[in-house]
Amino acid sequence: MIGKFTLRISRLAFAATALFVLSNAASAATCDRACLLEQAKQFNANMLAHTTEKIPLAANANIRENTKVIALGDSKWTGVTKILSEGVYADPILGNVIEHVAAETAAGKTVYIGTRLKLVDRKIREVEVNFDDGPRVNIKNLVPYDPIFNTIVPPEERSTREELARIITSYFKGLTDHNPVQADYDPRCDRYHSGNRVTHNPRNGIEEGGDVGCYESNLGPKPWGPATEVRIGLVDPERGIVIGYAILYYGNSDRRMQINEVFKILDGRLRMVDNIGLMEEGITTSGFTD
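Here is what the cut-offs are and how they apply
- Residues numbered from 1 in each chain as written.
- Predicted model: local features only at pLDDT ≥ 70, side-chain atom pairs only at ≥ 80, totals over all residues.
- Heavy atoms only, no water.
- Pairing = 2+ DSSP bridges.
- Helix = DSSP H or I, 4+ residues; strand = E, 2+ residues; numbered from the N terminus.
- 1 Å grid on protein atoms, 1.4 Å probe; cavity = no way out; pocket = protein on both sides within 12 Å on 5 of 7 lines; lining within 4 Å.
- Points joined across faces, edges and corners; volume = space filled by probe spheres on them.
- Nonpolar A, V, L, I, M, F, W, Y, C, P; charged D, E, K, R; others polar.
- Disulfide = S-S within 2.5 Å.
- Buried < 20%, exposed > 50% of the residue type's maximum accessible area, 1.4 Å probe, protein only.
- Contact = heavy atoms within 4.5 Å.
- Expected span 1.5 Å × (residues − 1).
- Polar contact = N/O pair within 3.5 Å; in protein donor to acceptor, adjacent residues only side chain to side chain.
- Phe/Tyr/Trp six-rings, centres within 6.5 Å; stacked < 30°, edge-to-face > 60°.

> Looking at this structure, I do not really get the sheet that holds strand β12 (residues 269-281). What am I missing?
Adjacent strands of a sheet pair through backbone hydrogen bonds, lying either parallel or antiparallel. Taking strand neighbours across the sheet as the criterion, the six strands line up as β8-β7-β12-β11-β10-β9 in an open arrangement whose pairing is mixed. Lying at the two open borders of the sheet, with one neighbouring strand each, are β8 (196-197) and β9 (227-236). Sheet topology note: the β9/strand β10 (residues 241-249) ladder contains seven bridges and is antiparallel. Residue pairing across strands places leucine 234 opposite isoleucine 243, the latter belonging to β10.

Here it is in structure tokens:
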């Protein structure tokens, strides 16, 4: 089991995450929402066309896929021939544009891809790809991309940027201490793992959590935790969206899961979670800890 020292560090990290998101002046925006969305569009087009040299990378850009350092030309994206659906989100304050894309390979296989582009001075300084090409990718719940994630929250019902960050910081803390804050969860909240509904589904086959919601599924003793390297990559109050990242430990095993989750928050409560979680042995860091 992870020692008390690690847990203490994790708790300090949780407390610092929201403050970091709200005060990260070093990433002052030079690319507005429309600019960021266009960058994602062009990135996808160039990856599909195998013209990665046209992608405006900054010098010494940090490029990683499933936590491993790669060259863009070596990405698993090279096997993708068609985009089937996508959800794309932008945060000009943090300079991030993040997408979840269901796609098809030349062999006709469905894959699910999370991509984060960090822009500074209109150059891509970070590329973070979470590429799920495993057998459990479930196209039924990925195409089309669920429209709930792009609905606009009425102004009188929106949470502030600070409150959205707090809810998700608390969510990741709950992955460590398994004491989630019930008031942060809508009882109807559902969590999807690469298109598989793993809540309110006694036969989900992934977490074996039974017919429970997002809150109950993480309550009490669990085989996972702590969640480390917690990052909030995007906050969009207009749409009630937060996107978070973490490395999740599993007891004494060498298995780690890199988590990339899109959260929909309505009336101050978690309503839907779209997760790409990749379990591998040997993961030690996401590579994005600055």
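> For this particular structure, what's the right way to read the layout of surface pockets?
A water-sized probe rolled over the atoms picks out the places where empty space is left. Roughly 490 Å³ of volume is contained in the second largest pocket. Elements that contribute at least two residues to the lining of the second largest pocket include exactly β6 (123-132), β11 (255-266) and β12. For the lining of the second largest pocket, the element with the highest residue contribution is β12, accounting for four residues. Tallied by class, residues from the lining of the second largest pocket come to ten nonpolar, five polar and seven charged.

> Explain the state of the cysteines to me, please; I cannot follow it from the model alone.
Evaluated as defined, the whole model comprises two disulfides. Here cysteine 31 pairs with cysteine 35 through a disulfide, and the sulfurs are 1.8 Å apart. Across the disulfide from cysteine 31 to cysteine 35, rotation about the S-S bond amounts to roughly -100°, and the bridge is consequently left-handed. Look at cysteine 35 and you get buried, because its relative accessible area is 10%. Residue pairing for cysteine 189: its cysteine sulfur links by disulfide to cysteine 214, the two sulfurs lying 2.2 Å apart. What sets the handedness of the cysteine 189 and cysteine 214 disulfide is the S-S torsion sign, and at about -80° it is left-handed. Placement of cysteine 189 in strand β7 (residues 185-193) and of cysteine 214 in the loop between β8 and β9 is noted, with a sequence separation of 25 residues between them. Its relative accessible area of 0% is what places cysteine 189 among the buried residues. For cysteine 214, a relative accessible area of 7% translates into the label buried. When the cysteines of the chain that form disulfides are numbered from the N-terminus onward, they connect as 1-2, 3-4.

> Where do I start with the environment of leucine 117 in this structure?
Structurally, leucine 117 is set in strand β5 (residues 110-120). We classify leucine 117 as buried; its relative accessible area is 2%. Linking leucine 117 and isoleucine 98, residues 19 residues apart in sequence, is a C-alpha distance of 6.4 Å. Setting aside residues no more than four positions away along its own chain, leucine 117 makes contact with Gln39, Ala40, Phe43, Gly95, Asn96, Val97, Ile124, Glu126 and Val127.

> Hey, could you run me through helix α2 (residues 33-49) in this one?
Quick reminder: α-helices carry 3.6 residues per turn. Residues three or four places apart thus point the same way. Over its 17 residues, α2 runs 24 Å from end to end, which matches the ideal 24 Å to within 8%, given 1.5 Å per residue. Within α2, the full set of buried residues consists of Cys35, Leu36, Gln39, Ala40, Phe43, Asn44, Asn46 and Met47. Those residues of α2 that are buried are in contact with β3 (80-91), β4 (96-105), β5 and β6. Put simply, aspartate 32 is the residue that caps the front of α2, since its side-chain oxygen is 3.3 Å from the backbone nitrogen of alanine 34. Looking one or two residues beyond α2, the residue adopting positive phi is histidine 50, at roughly 60°.

> Help me understand the packing of aromatic side chains in this model?
Centre distance and the angle of the planes are the two values used to describe a pair of aromatic rings. Evaluated as defined, the whole model comprises six aromatic pairs. Taken together, a centroid distance of 5.4 Å and an interplanar angle of 35° make the contact between tyrosine 145 and phenylalanine 149 tilted. Phenylalanine 149 carries the same exposure label as tyrosine 145, and that label is buried. With 5.8 Å between their ring centres and 55° between their planes, tyrosine 185 and tyrosine 215 make a pair best called tilted. Separated by 30 residues along the polypeptide, tyrosine 185 in strand β7 and tyrosine 215 in the loop between β8 and β9 bring together distant segments of the chain. Per residue, the accessibility class of tyrosine 185 equals that of tyrosine 215, and both read buried.

> In this structure, what is going on with the pairing of β6? I would like to understand it.
Remember that side chains alternate between the two faces of the sheet whenever the strand is regular. In terms of residue burial, β6 counts as a mostly covered element, since seven of its ten residues are buried. Where strand β1 (residues 57-65) and β6 come together, five bridges link them in parallel fashion. What sits directly across from glutamate 65, in β6, is valine 129. Pairing between β5 and β6: nine bridges, direction antiparallel. Bridging from a neighbouring strand, arginine 116 pairs with glutamate 128 of β6. Connecting the antiparallel pair β5 and β6 is a turn made up of two residues, with aspartate 121 showing a positive phi of about 55°.

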